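Listed below are the residues making up each chain.
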Amino acid sequence: MTRVISDALARAADGGRITPDEALQLYTDAPLHALGEAADAVRRRRYPDNIATYIIDRNINYTNVCVTACKFCAFYRAPKHEEGWTHSNEEILRRCGEAVELGATQIMLQGGHSPELGMEWYERIFAAIKGSYPSLTLHSLGASEVVHISRTSDLDYETVIARLHNAGLDSFAGAGAEILVKRPRTAIAPLKESGETWLEVMETAHRLGVESTATFMMGTGETNAERIEHLRMIRDVQDRTGGFRSFIPWTYQPENNHLKGRTQATSLEYLRVIAVARLFFDNVNHLQGSWLTTGKDIGQLTLHYGADDLGSVMLEENVVSSAGARHRSNLTELIDLIRGAGRIPAQRDTLYHHLAVHEDPANDPVDPRVHSHFASTALPIVAAS
């Protein structure tokens, strides 16, 4: 290990800021164990209680009709396609009710960019959900949907965001970020808004008091330098707004889509991104590891590489599943994964407040109904394995 690398690791582990160039060097050249140790040191300093969190939520995909036609997406159907559908308000509310019954605290309402859905449709459905289930947090949509609504309704981004918020939207998901860097983004999603526009929407939302998460889909052919540039673009906005609650990287799933080919991100590369993200994002509080796209073993390992959150039981998810994600979990298993990593499991809400800390395994919640992909339209329910 060179002096440059060791100095950068030590500075980041102590809470200092590293440059994008240093982050790239750590990502490509730092010994894996040293990288993980430094990232875990940051996590321990931020969260000395040794708690790792999870959430119970449901992704309700309200339509698969989309005009954006991203090459990596296996979920969407073009307008007028015979397999296209849009859920009724009643069906969306039914799914919200099921989620509440199973202990969900958060709904992620996400879907395609349908030309038939404008501002008023989103306002009606958010108001209906909040009216029927006021306890549910609507952590939904994302910057791409704001751009879409802006086009279909001839409204500026600020107006769209303000009206969504007034209708009941609590915060934005990080959906649609994929990779923000121009070359790879154009290659995989040529009709989607630019990375700069995605960030502009998020910055506007943060200024209006609507926080969000930030995500990264890795493995579609981007270079190492482009992976770090994605992080740099997010950190720069976070310096100005402080509105990104967490960073959530995941890996591209290669089935049933036009991009095809296996994911070009190995498990070790994913762990290195997790660790570098924890070291690089001195201004982002939380880091979520993915078990859905990488598998439960790698998901558990992220808790040793800087992650403080293992995501959700995910009562329903259709988009990534359509592209080949086959991993399933349930409440008991997710708690066991966290505890098996030497951490104290805790259920959280959208704001990362602890709702229940499971210090004693004898008192762990047990509910066999709470498992991933409940009522999924993409795949039949399968038992967790």
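Criteria and thresholds
- Residues numbered from 1 in each chain as written.
- Predicted model: local features only at pLDDT ≥ 70, side-chain atom pairs only at ≥ 80, totals over all residues.
- Heavy atoms only, no water.
- Helix = DSSP H or I, 4+ residues; strand = E, 2+ residues; numbered from the N terminus.
- Axes fitted to C-alpha atoms, helices over the stretch in contact; angles between N-to-C directions.
- Parallel < 35°, antiparallel > 145°, perpendicular 65-115°, else oblique.
- Left-handed = near helix turned anticlockwise from the far one by under 90°.
- Contact = heavy atoms within 4.5 Å.
- Nonpolar A, V, L, I, M, F, W, Y, C, P; charged D, E, K, R; others polar.
- Pairing = 2+ DSSP bridges.
- pLDDT = per-residue confidence, 0-100.
- Buried < 20%, exposed > 50% of the residue type's maximum accessible area, 1.4 Å probe, protein only.
- Phe/Tyr/Trp six-rings, centres within 6.5 Å; stacked < 30°, edge-to-face > 60°.
- Salt bridge = Lys/Arg side-chain N within 4 Å of Asp/Glu carboxyl O.
- Expected span 1.5 Å × (residues − 1).
- Right-handed = clockwise from strand over helix to strand, strands pointing away.

## A few points about unusual backbone geometry
Positive phi, close to 65 degrees, is recorded for Asn50, a residue that is not glycine. Looking at the element boundaries, Asn50 is found in the loop between helix H3 (32–46) and strand S1 (51–55). A positive phi angle is found at Asp154, which is not glycine, with a value near 55 degrees. Mapped onto the fold, Asp154 is located in the loop between helix H6 (143–153) and helix H7 (157–167).

## Quick notes on the packing of helix H1 (residues 3–13) against H3
The N-to-C vectors of H1 and H3 enclose an angle of 15 degrees; their axes lie 8 Å apart at closest approach. Taken together, the axes of H1 and H3 lie roughly parallel to each other. When you trace H1 past H3, the crossing you get is right-handed. From H1, Leu9, Ala12 and Ala13 reach across to H3, where they touch Ala34, Leu35, Ala38, Ala41, Val42 and Arg45. Partitioning the contact of H1 with H3 into residue classes produces 8 nonpolar, no polar and 1 charged.

## Re the sheet that holds strand S9 (residues 309–312)
Strand order across the open sheet formed by 4 strands is S9-S1-S10-S11, with mixed pairing between neighbours. Across the chains shown, the open sheet's two edge strands, defined by having one partner strand only, are S9 and strand S11 (354–357). Each strand axis lies, on average, 30 degrees off the axis of its neighbour in the sheet, ignoring direction. Here strand S10 (residues 344–348) runs beside S11; their pairing, made up of 3 bridges, is antiparallel.

## Points about the confidence of the model for the protein chain
In this model, the protein chain carries a mean pLDDT of 88, and residues with pLDDT of at least 70 account for 88%. pLDDT under 50 marks residues 317–327. Its contacts with residues more than four places away, or in other chains, come to 45 contacts. Residue range residues 374–385 is modelled with pLDDT below 50. Its contacts to residues more than four positions away, or to other chains, number 34 contacts.

## Observations concerning H6
Of all 11 residues that make up H6, 8 are buried, and the element is covered over most of its length. Residues of H6 that are buried: Ala143, Ser144, Glu145, Val146, Val147, His148, Ile149 and Ser150. Where H6 is buried, its residues touch helix H5 (119–132), strand S4 (137–142), H7, strand S5 (171–175) and helix H9 (195–207). Asp154 lies just past H6 and shows a positive phi near 55 degrees.

## A look at the environment of Gly306
Structurally, Gly306 is set in the loop between helix H12 (296–302) and S9. Along the backbone, Gly306 and Glu37 are 269 residues apart, and their C-alpha atoms lie at a distance of 8.4 Å. With sequence-adjacent residues up to four places away left out, Gly306 is seen in contact with Ala39, Asp40, Arg43, Arg278 and Leu287.

## Section: the packing of helix H4 (residues 89–101) against H5
Contact geometry for H4 and H5: axes closest at 10 Å, N-to-C directions at 35 degrees. At the point where H4 passes H5, the crossing takes the right-handed sense. Between H4 and H5, the residues in contact are Asn89, Ile92, Leu93 and Cys96 and Trp121, Ile125, Ala128, Ile129 and Ser132, respectively. Classifying every residue of the contact of H4 with H5 by side-chain character gives 7 nonpolar, 2 polar and no charged.

## Overview of the packing of aromatic side chains
According to the stated counting rule, one finds 6 aromatic pairs in the structure shown. Their ring planes at 40 degrees and their centres at 5.1 Å tell us that Tyr62 and Trp121 sit as a pair that is tilted. Residue Tyr62 is located in the loop between strand S2 (57–61) and H4, and its partner Trp121 is located in helix H5; the two are separated by 59 residues in the primary sequence. Overall, Tyr62 belongs to the buried group, its relative accessible area being 0%. Their ring planes at 85 degrees and their centres at 5.0 Å tell us that Trp121 and Tyr122 sit as a pair that is edge-to-face. For Trp121, a relative accessible area of 11% puts it in the buried group. Members of the aromatic cluster, joined through ring pairs, are Tyr62, Trp121 and Tyr122.

## Things to note about the pattern of salt bridges
Per the stated rule, a full pass over the model turns up 27 salt bridges. In this structure, Arg207 and Glu158 form a salt bridge, with 3.5 Å as the shortest nitrogen-oxygen distance. You can see Arg207 sitting in helix H9 and its partner Glu158 sitting in helix H7, a full 49 residues away along the chain. One salt bridge connects Glu211 with Arg245, and the closest N-O pair in it is separated by 2.8 Å.

## With respect to helix H11 (residues 267–280)
The terminal C-alpha atoms of H11 lie 20 Å apart, and with 14 residues this matches the ideal 20 Å at 1.5 Å per residue to within 8%. Counting buried positions along H11 yields 11 of 14 residues, so the element is predominantly enclosed.

## What to know about the environment of Thr68
Examined against the element boundaries, Thr68 turns out to sit in the loop between S2 and H4. Along the backbone, Thr68 and Ser114 are 46 residues apart, and their C-alpha atoms lie at a distance of 9.0 Å. Non-local contacts of Thr68, meaning those with residues more than four positions away in its chain, are made with His113, Leu191 and Lys192.

## Things to note about the pairing of S4
Among the 6 residues of S4, 5 are classified as buried, and the element is accordingly described as predominantly covered. One ladder, built from 2 bridges, connects strand S3 (residues 106–110) with S4; its direction is parallel. Across the sheet, Gln106 pairs through a bridge with Thr137, a residue of S4. A crossover links S3 with its parallel partner S4, the connecting element being H5, and its sense is right-handed. Across 3 bridges, the pairing between S4 and S5 is parallel.

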